[in-house]
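# Chains, contacts and geometry: an overview
Chain by chain, the residues:
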Amino acid sequence: MSQELYTNLAIFVLSLLVGFEVMSKIPATLQTPMMSGANAIHGVVVVGAFAIAAEANNWYFYLLAFLAAFFSAVNVSGGYTVTDRMLGMFNRPKDKPADSKKEGDQ
Amino acid sequence: MTWLQTSASLIYLISAVCYVIGVHMMRSPKTARRGNILSGIGMALAVIMIMVELIDQGKITLTGWIVLFAGLLIGIVYGVVKARKVPMTDVPQLVSLFNAVGGGAAATIGIFDYTHEALGTSLSLAFSIPVLLDIVIGGITFSGSLIATGKLSGHVSGKPISFPGDKLLNGIAVLAIIVAAVWMIGFPSAYWPLVLSLVASLVFGLLMTMPIGGADMPVVVSLLNAFTGLAVAFAGFVIDNQVLIIAGALVGAAGTILTLQMAEAMNRSVANILAGGFGGGESTG
């Protein structure tokens, strides 16, 4: 096993453990926003779209790079926008009592 | 390491820290919005850094830049418009749609690297295993999430859909993925195992989501979301980029826990839901 692979594997395993640990029991009202927020985070695949665009050198590879760029841009831009919009609902004064009540129900 | 590589690595690390703290903050209603913004800042840092790196390397062609920015621009406009315009009740199918394209992007990166680096050569396990997992998991989430979007929005019937022989076809799809895996790992690479693994995983994604009722869809969307995280992590192995590995694994693990919680809130088990055919009708979202 090469040094790079070992490093990547160690990072992968430890990040999985961090992921398991960082998610605790959350109120039901936050489940959908959390799902959406996690969805936005895997939009980091956009970095990969940049990386393959740098390697592209004929129409077939340009097409794949375009697809990856388009797909990942939708994921990352839409993901963060819709999550923020959802969470913005929590901050509106008239929603506050309802939310705190729901929290109390947990 | 040059000065730029060092700062790039450190920026990627900061960006990964932003995701973890962001998820942590999203667990409580008071800090959730700021948590999402923090994770967004981490994302912006990573994107700026990869751009700086590409400019510095000077390897990308002009056509490459044009293609890249055309894709990004169209994607951003589409994503933001969708995310702003859609009524709040339709958010679950939107998340599912964004998840589908995320899986599609991960699979595309796998396909790119397989055909770019590997065709005709003997592959090392260190390359073939991640690239296969990337394409297969990405393909499953792409087609599965599109069906989930369709079911939630009513374009596809929310009722569990099954047809005679679907279990058999599912078995064939799994078998095809295994055959493609052995082929890809054991022999010098060719187009066919790539095509086979892609088609089989797309079919499997369809068949996995079709039999599940609309009411159970949010749990399935969450599960597919965790899958996409893993696909992105394997894409990170393929292109050797650690920020993809960290963020992908984080989403994969956190998403799995979240899926279990969502199922528990509905008094269902994930295994039960995947077995399908219980929750009927449209989801109220």
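Parameters at a glance
- Every residue gets a number counted from 1 within its own chain, in the order that chain's sequence is written.
- All chains are assigned letters beginning with A, and all ligands numbers beginning with 1, in the order in which they are written.
- Reporting in this predicted model follows two pLDDT cut-offs: at least 70 for local features of residues, and 80 or more for side-chain atom pairs to be given and counted; totals over whole chains, interfaces and linings ignore these cut-offs and use all residues.
- Excluding hydrogens and water, the side-chain values take into account all heavy atoms of the structure.
- UniProt positions are given in the numbering used here, feature names are shortened, and annotations may be inferred rather than shown by experiment.
- Helix and strand labels come from DSSP, where a helix needs a run of H or I of at least four residues and a strand needs a run of E of at least two; each type is numbered from the N terminus.
- For every residue, the accessible area obtained with a 1.4 Å probe (protein chains only) is divided by the maximum for its type, and the residue is called buried under 20%, exposed over 50%, and partly exposed between those limits.
- The criterion used for residue contact is that any of the two residues' heavy atoms lie within 4.5 Å.
- Here the open area of atoms and residues is found with the Shrake-Rupley method and a 1.4 Å probe, where only the protein chains shown may cover a residue.
- C-alpha atoms define the radius of gyration in this analysis, and the globule rule sets the expected value at 2.2 Å times the number of residues to the power 0.38.
- Positive charges are assigned to Lys and Arg, negative charges to Asp and Glu, while His and the chain termini are left out of the count.
- For charged residues, the charge sits on one atom: NZ in Lys, CZ in Arg, CG in Asp, CD in Glu.
- Buried area adds together the accessible area that both of two parts lose upon being put together, with accessible area traced by a 1.4 Å probe.
- Salt bridges are defined by distance alone: a side-chain nitrogen of Lys or Arg within 4 Å of a carboxyl oxygen of Asp or Glu.
- Patch rule: a residue counts if its relative accessible area is over 30% and it has no salt bridge; like charges are joined within 9 Å, and nonpolar side chains (Val, Leu, Ile, Met, Phe, Trp, Tyr) within 5 Å.
- Any Phe, Tyr or Trp ring, taking Trp's six-membered ring, that has another such ring centre within 6.5 Å forms a pair; planes under 30 degrees apart are called stacked, those over 60 apart edge-to-face, and the others tilted.
- The criterion is simple. A nonpolar core is a set of buried Ala, Val, Leu, Ile, Met, Phe, Trp, Tyr and Cys residues joined through side-chain atoms within 4.5 Å.

- In the annotation of an unreviewed UniProt entry, chain A is listed under the name proton-translocating NAD(P)(+) transhydrogenase and assigned to Lentilactobacillus parafarraginis F0439.
- As stated in UniProt under Subcellular location (unreviewed entry), the record for chain A gives "Cell inner membrane".
- The UniProt entry for chain A carries this comment under Function (unreviewed entry): "The transhydrogenation between NADH and NADP is coupled to respiration and ATP hydrolysis and functions as a proton pump across the membrane."

## With respect to the overall build of chain A
- When helices and strands are tallied, chain A shows five helices and zero strands.
- The order of α-helices and β-strands along chain A, N terminus first, is α-α-α-α-α.
- Buried residues in chain A amount to 57% of all 106 residues.
- Taking as baseline every contact in chain A between residues at least 6 positions apart, the subset at least 24 positions apart corresponds to 66%.
- For chain A, the accessible surface area stands at approximately 4500 Å², while carbon and sulfur atoms represent 65% of it.

## Remarks on the overall build of chain B
- Scanning chain B from N- to C-terminus turns up 10 helices and zero strands.
- On C-alpha atoms alone, chain B measures out to a radius of gyration of 20 Å, which is about the 19 Å that the 2.2 N^0.38 rule sets for 285 residues.
- Projected onto its principal axes, the C-alpha coordinates of chain B cover approximately 60 × 55 × 30 Å.
- Looking at chain B as a whole, 54% of its 285 residues qualify as buried.
- Residue pairs at least 24 apart in sequence account for 73% of intrachain contacts in chain B once pairs closer than 6 positions are excluded.
- Of the roughly 11800 Å² of accessible surface on chain B, a fraction of 72% belongs to carbon and sulfur atoms.
- Of the side-chain charges in chain B, 12 are positive and 11 negative, and the distance between the mean point of each set is 14 Å.

## Points about the interface of chain A and chain B
- Listed per partner, the contact involves 78 residues of chain A and 95 residues of chain B.
- When the buried surface of chain A facing chain B is broken down by residue, Met35, Phe50 and Arg85 of chain A rank first, second and third, together holding 10% of it.
- Joining chain A to chain B, the criterion identifies two salt bridges.
- A salt bridge links Asp84 of chain A to Arg33 of chain B, with the shortest nitrogen-to-oxygen separation between them at 2.9 Å.

## What about the environment of Ala106 of chain B?
- Following the sequence through the fold, Ala106 of chain B ends up in helix 4 (residues 91-118).
- With a relative accessible area of 0%, Ala106 of chain B lands in the buried category.
- Excluding its chain neighbours within four sequence positions, the residues that come into contact with Ala106 of chain B are Val45 of chain A together with Asp134, Ala231, Val232 and Ala235 of chain B.

## Some remarks on a nonpolar patch on the surface
Residue and element names in this part refer to chain B.
- Taken together, the side chains of Val174, Leu175, Ile178, Val179, Val182, Trp183, Phe187, Tyr191, Trp192, Val195 and Val199 define a hydrophobic patch exposed on the protein surface, amounting to about 1100 Å² of accessible area.
- When residues of the nonpolar patch are traced back to their parent elements, those giving at least two are helix 6 (166-186) and helix 7 (191-209).
- The element that contributes the greatest number of residues to the nonpolar patch is helix 6, accounting for six residues.
- Looking at where Trp192 falls in the secondary structure, it is placed in helix 7.

## A word on the packing of aromatic side chains
- Throughout the structure, instances matching the rule amount to 11 aromatic pairs over all chains.
- When the centroid spacing of 6.5 Å and the interplanar angle of 90° are considered together, the rings of Phe50 of chain A and Phe69 of chain B count as edge-to-face. Residue Phe50 of chain A is located in helix 3 (residues 45-53), and its partner Phe69 of chain B is located in helix 3 (residues 62-85); the two belong to separate chains.
- Members of the aromatic cluster, joined through ring pairs, are Trp59, Tyr60 and Phe61 of chain A together with Phe112 of chain B.

## Focus on the side chain of Ser15 of chain A
- Relative to the helices and strands, Ser15 of chain A is located in helix 1 (residues 3-22).
- Beyond its immediate stretch of four places on either side in the chain, Ser15 of chain A contacts Ile246, Ala249 and Leu250 of chain B.

## As for the pattern of salt bridges
- Here the structure, examined in full by the defined rule, presents three salt bridges over all chains.
- Between Glu55 of chain A and Lys59 of chain B there is a salt bridge, and its shortest N-O distance comes to 3.0 Å. One end of the pair, Glu55 of chain A, is in the loop between helix 3 and helix 4 (59-91); the other, Lys59 of chain B, is in the loop between helix 2 (32-57) and helix 3, on a second chain.
- Overall, Glu55 of chain A belongs to the partly exposed group, its relative accessible area being 27%.
- A salt bridge links Asp216 of chain B to Arg268 of chain B; the shortest N-O distance between them is 3.0 Å. Taken together, the positions of Asp216 of chain B in the loop between helix 7 and helix 8 (217-239) and Arg268 of chain B in the loop between helix 9 (242-265) and helix 10 (270-275) put the pair 52 residues apart, joining distant regions of the chain. Comparing Asp216 of chain B with Arg268 of chain B, the two get one shared label, buried.

## As for the UniProt feature "transmembrane region" (unreviewed entry) in chain A
All names here are of chain A.
- As recorded in UniProt, the sites labelled "transmembrane region" (unreviewed entry) are residues 6-23, 35-53 and 59-82.
- Counting secondary structure, residues 35-53 comes out at 84% helix and 0% strand; the distance between its end C-alpha atoms is 29 Å.
- Here residues 59-82 is 100% helix and 0% strand, with 34 Å between the C-alpha atoms at its ends.

## Some words on the nonpolar core
- In terms of nonpolar packing, the biggest core is built from 118 residues, with Phe12, Val44 and Val47 of chain A together with Tyr12, Tyr19, Tyr114 and Leu244 of chain B touching the most fellow members.
- At 15 residues, the largest contribution of residues to this core is made by helix 4 of chain A.
- Residue contacts for Leu244 of chain B: discarding those within four places in its chain leaves Val44, Val45, Val47 and Gly48 of chain A together with Val232, Ala233, Ala235, Gly236 and Ile239 of chain B.

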